[in-house]
Amino acid sequence: MVVTYAPTAHKLLQGVFAVYKPSGVAISSLLREVQGRLVQDINTLEQRPQKQMILFKPASETHLTKGSLLDCDTSEPSNDKLHHMVPTYVPDWFDHPLVQGPRYNNDSFHISAGHTLDVHACGLQVLGLQEQGEEILQKMKKLNLPRRYQVKGQFGLASLTFGGESRIVEKSTWDHITEEKITRVLTVLQGKHRNACMEASGLDLSSQQAYRLASKGFLRPYVPTDSVIIDMKLTSLKLPEFILDITCIRESCIFIRKIIHQIGLELRSNAICTQLQRQQDAVFTIHDELTLLGKNVNVNNVIDSINHTNNILRKSVLKRKRYFAKTSVKMLQQNKSDILFPEPSKNSTSETVNKAFDHLASS
Amino acid sequence: MTNIVRKLKKWNVLLLCNKHSQLNHHKCTVYTPSYKRTVDDVEEKQPVHKFIGKHRKRVSRIHVCGLTVTGALGVLKLPLPENKLRIPPKFQQNYPYHLIIDDISHIACGYGFSILASKLKDQIKVWGCGINTNSQIGFHKSRKTKIKKGETHTKSYQYLMEPTPIPLPFKDAGKTRVIDVACGRAHSLILTDKEGIFAMGNNAFGQCGRQIIEGEVYESSAKVHRIPHERFPSPVVKVVCGMDHSLFLTQTGELFSCGWSADGQTGLGIAEPVPEPTQLRGDLDGVKITQVSSFADTSLALSDTNDIFGWGSSEYGQLACVTESTQAMLPTKLPFDRQKKIIQVAAGGTACLLLNESGDVWVWGYGILGKGPNLENAVWPRRIPRTLFGFSQFKPDIHVKQIKCGLGSFSAITNTGELYTWGKNKSGCLGIGSARDQYFPWKVLTGFEVVDVSCGVDHMVVKSKSLL
């Protein structure tokens with residue numbers, strides 16, 4: 001469905017969508033660019049009609065059939081016509097675009113960003129339009145859903161900021177490295193994170209609920225923790241370059257680069273991160289058609305992608321089972337507020353879960 | 001400047017400076033410096049370090065955790081630090097501690113002591129540490145007692161706090177290797193390939209394979225009994241120790257036992273202690289056994305034909321599927337539904353484990369079985385979900401490769417070299433970093449690729465390989 005009328009487009013442009021951020025661009029520049037393109041595009045659509053003004057005009061000057069508010073008797077004597085004032089519609093020239101400027105400007109689109117990427121990192125960036133978008137982004141932040149990155153690295157070099165752009169501090173040999181050694185190092189590095197992940201769920205690990213969730217793989221961090229890696233995989237190795245797939249929660253770009261550096265140290269060599277690309281952020285993937293490139297940002301595309309995310313966010317978020325920390329149950333009982341979390345019950349079925357996410361999806 | 005503008009336009013990036021964005025002018029482009037790495041002089045001149053060579057061999061390591069006071073861990077400075085004011089004594093080692101000893105190939109944990117053996121042909125082949133009140137680790141002359149002239153030294157150390165070489169009466173030490181080690185409650189067996197089995201320690205029930213001498217004093221005893229391979233129809237390939245009994249598995253799959261039989265541990269159908277290794281009959285007649293396991297009073301054996309046989313104490317329901325009484329005096333075939341090939345069986349103090357071809361672990365018995373606090377008791381085997389061992393959508397290849405049982409603790413090693421333990425955490429023997437009981441498998445962080453593990457009553461010894 002193509003939207004051609006600007007005010008409906010403006011109403012529909014509320015929500016969350018994903019954009020591809022190229023490297024070398026700061027988040028603020030990206031936001032401004034998206035804003036600018038939307039403004040530029042929406043001003044080309046059909047605008048609302050010019051406003052009309054009511055003026056009292058003498059009846060003779062007006063044609064009674066056109067633009068008159070009252071039905072007057074035409075059978076009045078002609079000399080009265082000069083003095084009888086009739087309210088009429090008149091175009092309000094204050095409201096013309098050439099006088100006021102374009103109907104929409106940057107202030108009419110309030111943009112906010114989800115978990116931000118570095119200047120040097122590239123990939124998926126989730127943006128939210130207007131207040132509704134910002135609320136959804138804040139709720140998504142609390143859900144702690146995992147993000148997937150593709151990291152390209154190079155062995156043999158160590159730099160100041162763990163990446164390719166800063167000064168090289170140390171060089172070392174890398175010809176002893178094989179795929180087997182890297183997988184061994186990765187499994188060992190993930191062990192600490194796996195245990196931390198399960199402990200940060202806040203549940204008592206000697207309870208039956210903890211066992212039940214762990215056996216299904218749902219034991220994920222719930223209380224605020226440091227960054228946690230869920231999975232690290234080596235996808236390709238062409239010495240000295242390598243590509244890793246990292247899935248993590250609550251991470252930052254520097255954290256991932258530091259992990260690459262640590263992998264290099266464990267292998268008795270060095271490593272830098274030459275490219276960092278975010279490929280998945282919760283439900284948004286980079287290969288989706290509706291993840292927009294900069295050049296594709298226009299009103300209709302953004303409306304389509306917002307619709308798409310409304311559908312998938314509801315379904316996949318509903319699938320994820322929720323559970324509580326012991327502390328949050330106490331807080332609920334004390335505060336009796338914030339009905340984002342369903343009530344703890346023995347048979348917490350999908351009904352209670354659905355109630356919580358209806359709240360999210362409808363907002 | 002124009003080149004950069006063209007490049008940016010090619011990438012379809014429109015960047016606006018603050019001034020122009022507010023005025024809605026879409027014409028300016030702000031210059032951002034490219035971060036592409038340029039090699040400068042300083043970097044070129046830097047030397048290239050070589051930290052490790054291509055053909056470096058992987059080193060094996062030993063990690064220990066559990067109760068330190070008995071000396072079973074082999075670390076003196078944990079319970080008795082040199083500087084007590086600065087470092088407090090540590091009675092429980094909750095996470096794996098690196099024990100510095102080279103070239104160990106076989107490990108075994110008993111009740112408060114451990115034996116480490118190397119497979120080299122040196123004079124010293126076996127080291128032991130821990131409780132030595134029954135001379136289960138051999139005779140080690142005590143330097144504390146003063147001997148008068150003419151008297152023979154009869155005092156041995158009762159507790160060995162560090163791994164000490166065990167003197168064994170080899171005929172020709174330079175030609176034999178140690179194949180297997182096993183430890184029970186107060187006795188230990190060391191299997192060599194040419195000289196037979198050396199048994200030390202308590203023999204009150206004949207578990208060392210020699211005649212019971214009434215009133216024998218086992219403290220500070222230097223007696224090491226040798227059982228040659230010729231005594232069995234074919235050379236012995238594996239030795240297993242239960243609490244007070246011993247099991248010998250030969251190359252042709254025959255099983256021999258000796259020791260205490262009150263609960264039917266020897267599986268010979270009699271309740272008196274058996275001093276000489278005797279072949280097991282019952283359901284094992286004519287069956288080739290490939291694997292045996294025992295820790296306390298229950299024993300399990302796995303045959304060529306994918307059958308499991310169990311005998312011994314069934315107090316906790318380990319053999320409740322075949323007997324209602326508290327013991328099974330003869331080996332009985334356990335009627336489990338075996339669709340896949342079973343690789344390993346492990347019998348613990350109160351529960352038993354089973355491992356099949358696809359890497360699934362099944363558990364039955366009593367205690368903390370590993371399926372949460374609600375499951376305390378199972379007569380028929382229950383499967384432990386694979387996700388607890390690291391199986392997930394990201395890692396579909398993970399499966400368990402080896403299982404071992406302790407008295408109340410269980411351990412499993414996966415094909416990726418990760419160690420998972422669960423059960424009763426007595427004195428930190430699970431190695432998970434805390435003293436809490438673990439009701440489902442939890443990963444032990446050693447930092448190395450785990451190759452072998454041995455669980456005791458209140459300690460655990462882990463053998464691992466370095467990553468590179």
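Keep in mind that this is a model prediction, so the values were computed, not measured. All residue numbers here refer to positions counted from 1 along the written sequence of the relevant chain. Chain letters start at A and ligand numbers start at 1, both assigned in the order the entries are written. Totals for whole chains, interfaces and linings use all residues, but because this is a predicted model, local features are given only for residues with pLDDT of at least 70 and pairs of side-chain atoms are given and counted only at 80 or more. Excluded from the side-chain calculations are hydrogens and water; all other atoms, namely the structure's heavy atoms, are used.

Enquirer: Requested: an account of the overall build of chain A, with residues and values cited.
Expert: A helix here means a DSSP run of H or I that spans at least four residues, while a strand means a run of E at least two residues long, and both kinds are numbered starting from the N terminus. Within chain A, the secondary structure is distributed over eleven helices and twelve strands. Within chain A, the fraction of its 363 residues that count as buried is 48%. Across chain A, every contact between residues at least 6 apart in sequence was considered, and the portion connecting residues at least 24 apart equals 72%. Surface accessibility follows the Shrake-Rupley procedure with a 1.4 Å probe radius. Residue values consider only the protein chains on display as shielding. A total accessible area of about 18500 Å² is found for chain A, and carbon and sulfur atoms account for 52% of it. Burial here depends on accessible area, computed with a 1.4 Å probe over protein chains only, as a share of the maximum for the residue type. Under 20% is buried, over 50% is exposed, and the range in between is partly exposed. Contacts are residue-level and defined by heavy atoms, with any inter-residue pair within 4.5 Å sufficient.

Enquirer: Give a description of the overall build of chain B that names residues and reports values.
Expert: Counting its secondary structure elements, chain B contains three helices and 29 strands. Counting the 468 residues in chain B, one finds 54% classified as buried. In chain B, of all internal contacts separated by at least 6 residues, the share reaching a separation of at least 24 is 54%. With an accessible surface of roughly 21600 Å², chain B has 52% of that area assigned to carbon and sulfur atoms.

Enquirer: Kindly report on unusual backbone geometry, identifying the contributing residues and their values.
Expert: Residues and elements named next belong to chain A. Cis geometry marks the peptide bond from leucine 239 to proline 240; its omega dihedral reads -5°. Considering the arrangement of structural elements, one finds proline 240 in the loop between β9 (228-238) and β10 (241-249). Of note, arginine 250 is a non-glycine position whose phi angle comes to about 55°, a positive value. Among the structural elements, arginine 250 can be located in the loop between β10 and α8 (253-266). Using a relative accessible area of 34% as the deciding quantity, one classes arginine 250 as partly exposed.

Enquirer: Break down the state of the cysteines for me, citing the residues and quoting the values.
Expert: Residues and elements named next belong to chain B. Two cysteine sulfurs form what is called a disulfide whenever their separation falls within 2.5 Å. In this structure the tally under the stated criterion is zero disulfides over all chains. Unpaired in terms of disulfides, cysteine 65 finds its nearest cysteine sulfur in cysteine 429, a separation of 7.1 Å. Among the cysteines around cysteine 455, which has no disulfide bond, cysteine 429 carries the closest sulfur, lying 7.2 Å off. Exposure remark for cysteine 455: the relative accessible area of 4% places this residue in the buried category.

Enquirer: Can you tell me about the UniProt feature "repeat: RCC" (unreviewed entry) in chain B, naming the residues and giving the values?
Expert: Residues and elements named next belong to chain B. As recorded in UniProt, the sites labelled "repeat: RCC" (unreviewed entry) are residues 122-194, 195-252, 253-305, 306-358 and 417-466. When the span residues 195-252 is considered, its composition is 0% helix and 38% strand, and the gap between its end C-alpha atoms is 19 Å. Helix makes up 0% of residues 253-305 and strand 43%, whereas the separation of the span's terminal C-alpha atoms amounts to 12 Å. UniProt positions are given in the numbering used here, feature names are shortened, and annotations may be inferred rather than shown by experiment.

Enquirer: How would you explain the nonpolar core if you had to name every residue and give the values?
Expert: We define the nonpolar core as a collection of buried residues of types Ala, Val, Leu, Ile, Met, Phe, Trp, Tyr and Cys that are connected through side-chain atoms lying within 4.5 Å of one another. Core analysis: the biggest nonpolar cluster contains 40 residues, and Leu353, Val361, Phe389, Ile403, Leu419, Trp422 and Phe440 of chain B have the highest contact counts within it. When residues in this core are grouped by element, the largest group, four residues, is from helix α7 (residues 208-216) of chain A. Aside from chain neighbours lying at most four places away, what touches leucine 353 of chain B is Gln344, Val345, Ala346, Val361, Trp362, Val363, Trp364, Ile403, Lys404, Cys405, Phe410 and Trp422 of chain B. Membership of the second largest hydrophobic core comes to 30 residues, among which are Val151, Cys248 and Leu276 of chain A together with Leu468 of chain B.

Enquirer: Tell me about the sheet that holds strand β2 (residues 60-67) of chain B, residues and numbers included.
Expert: All names here are of chain B. We treat two strands as partners when DSSP finds at least two bridges between them. Read from one edge to the other, the open sheet built from four strands follows the order β3-β2-β29-β28, with strand pairing classed as antiparallel. Edge positions in the open sheet fall to β3 (92-99) and β28 (449-455), since each of these has one partner strand only. Averaged over all pairs of adjacent strands, the angle between their axes in this sheet comes to 20°, without regard to strand direction. The sheet contact formed by β28 and strand β29 (residues 459-465) spans six bridges and is antiparallel. Geometry is summarised by axes, namely lines fitted to C-alpha atoms with helices restricted to the contacting stretch, and by angles between N-to-C directions that run from 0 to 180 degrees.

Enquirer: How would you summarise the pattern of salt bridges if you had to cite specific residues and measurements?
Expert: We define a salt bridge as a side-chain nitrogen of Lys or Arg found within 4 Å of a carboxyl oxygen belonging to Asp or Glu. Overall, the coordinates contain 25 salt bridges over all chains when judged by the stated rule. Across the pair aspartate 244 of chain B and arginine 185 of chain B runs a salt bridge whose closest N-O atoms are separated by 3.1 Å. Pair noted here: aspartate 244 of chain B is in the loop between β12 (236-241) and β13 (245-250) and arginine 185 of chain B is in the loop between β8 (178-183) and β9 (187-192), with a separation of 59 residues, a long-range link. The residue aspartate 360 of chain B makes a salt bridge to arginine 386 of chain B at a minimum N-O spacing of 3.1 Å. Here aspartate 360 of chain B is found in the loop between β21 (351-356) and β22 (361-366), whereas its partner arginine 386 of chain B is found in the loop between β23 (377-384) and β24 (400-405), with 26 residues between them in sequence. Residue class for aspartate 360 of chain B comes out buried when judged on its relative accessible area of 6%. Salt bridges linked by common partners bring Arg147, Glu251, Arg278 and Asp281 of chain A together as one network.

Enquirer: If you had to explain the side chain of aspartate 180 of chain B to someone new, which residues and values would you point to?
Expert: Residues and elements named next belong to chain B. Here aspartate 180 shows up in strand β8. On the basis of relative accessibility, which here comes to 12%, the residue aspartate 180 falls in the buried class. Nitrogen and oxygen atoms within 3.5 Å of one another constitute a polar contact, given that in protein one can donate a hydrogen and the other can accept it, and given that sequence-neighbouring residues count only through two side-chain atoms. A distance of 3.3 Å separates a polar atom in the side chain of aspartate 180 from the backbone nitrogen of valine 239. With near-sequence residues (within four places) excluded, aspartate 180 lies in contact with Leu189, Ile190, Leu191, Lys238 and Val239.

Enquirer: Provide a residue-level description of helix α6 (residues 179-199) of chain A, including the pertinent values.
Expert: For a helix, the expected span equals 1.5 Å multiplied by the number of residues minus one. Between its first and last C-alpha, α6 of chain A extends 31 Å over 21 residues, near the 30 Å set by a 1.5 Å rise per residue. Axes are fitted to the seven residues ending at a residue and to the seven starting at it; the angle between these axes is taken as the bend at that residue. The largest bend in α6 of chain A comes to about 30°, at glycine 191 of chain A.

Enquirer: An account of the confidence of the model for chain B is requested, with residue identities and associated values reported.
Expert: What pLDDT conveys is the predictor's confidence in a given residue, as a value from 0 to 100. When pLDDT is averaged along chain B, the result is 87; 90% of the residues meet or exceed 70. Predicted as a complex, the structure gets a pTM of 0.82 and an ipTM equal to 0.81.

Enquirer: Could you give an account of the interface of chain A and chain B, naming the residues involved and the relevant values?
Expert: With 58 residues of chain A at the interface, the matching set in chain B holds 52 residues. Buried area: the accessible area, evaluated with a 1.4 Å probe, that two parts lose upon being put together, summed over both parts. Where chain A abuts chain B, roughly 4900 Å² becomes buried across the two surfaces, and 58% of that area is made up of carbon and sulfur atoms. For the interface between chain A and chain B, the tally reads two salt bridges. The partner of arginine 184 of chain A in a salt bridge is glutamate 449 of chain B, and the shortest N-O contact between them spans 3.4 Å. One can count 13 residue pairs in polar contact (both at pLDDT 80 or more) joining chain A with chain B. Put simply, the parts of the chain that give the side of chain A that touches chain B at least two residues each are α2 (27-42), β8 (168-172), α6, α7, β9 and β11 (271-281) of chain A. The element best represented in the side of chain A that touches chain B is α6 of chain A, accounting for twelve residues. Ten residue types, Ala, Val, Leu, Ile, Met, Phe, Trp, Tyr, Cys and Pro, are classed as nonpolar, four, Asp, Glu, Lys and Arg, as charged, and the remainder, Gly among them, as polar. Taken together, the residues that form the side of chain A that touches chain B break down as 16 nonpolar, 24 polar and 18 charged.

Enquirer: Quick one: what's the story with the confidence of the model for chain A, residue by residue and with numbers?
Expert: Put simply, chain A has an average pLDDT of 80, and 80% of its residues get 70 or more. Throughout residues 323-363 of chain A the model reports pLDDT below 50, and contacts reaching past four residues in sequence, or to other chains, amount to 46 contacts.

Enquirer: Can you tell me about the sheet that holds β8 of chain B, naming the residues and giving the values?
Expert: Residue and element names in this part refer to chain B. Strands sit in the order β8-β9-β10-β11 across an open sheet of four strands; the sheet is antiparallel. Lying at the two open borders of the sheet, with one neighbouring strand each, are β8 and β11 (224-227). Taken pair by pair, the neighbouring strands of this sheet meet at an average axis angle of 20°, ignoring direction. As paired elements, strand β10 (residues 196-201) and β11 share four bridges and run antiparallel to each other. Looking across to β11, one finds that methionine 200 is bridged to valine 224.

Enquirer: Go over the pairing of strand β27 (residues 438-444) of chain B with me, naming the residues and quoting the values.
Expert: Residue and element names in this part refer to chain B. With respect to burial, β27 is a largely interior element, seven of its seven residues being buried. For strand β26 (residues 419-423) and β27, the ladder comprises four bridges, and the chain directions are antiparallel. Across the sheet, residue leucine 419 finds its bridge partner in β27, namely valine 444.

Enquirer: If you had to explain α2 of chain A to someone new, which residues and values would you point to?
Expert: Owing to its 3.6 residues per turn, the α-helix aligns residues three or four sequence positions apart on the same side. With 16 residues, α2 of chain A extends 22 Å between its outermost C-alpha atoms, agreeing within 8% with the 22 Å of an ideal straight helix rising 1.5 Å per residue. Most of α2 of chain A is tucked away, with 13 of its 16 residues classed as buried.

Enquirer: Now, about the pairing of β10 of chain A: what can you tell me, with residues and values included?
Expert: All names here are of chain A. Among the nine residues that make up β10, eight are buried, leaving the element largely enclosed by the rest of the structure. Pairing between strand β6 (residues 147-155) and β10: eight bridges, direction antiparallel. Bridged to arginine 147 within β10 is cysteine 248. Pairing geometry for β9 and β10, over nine bridges, is antiparallel. If you follow leucine 237 over to β10, its bridge partner there is phenylalanine 242.

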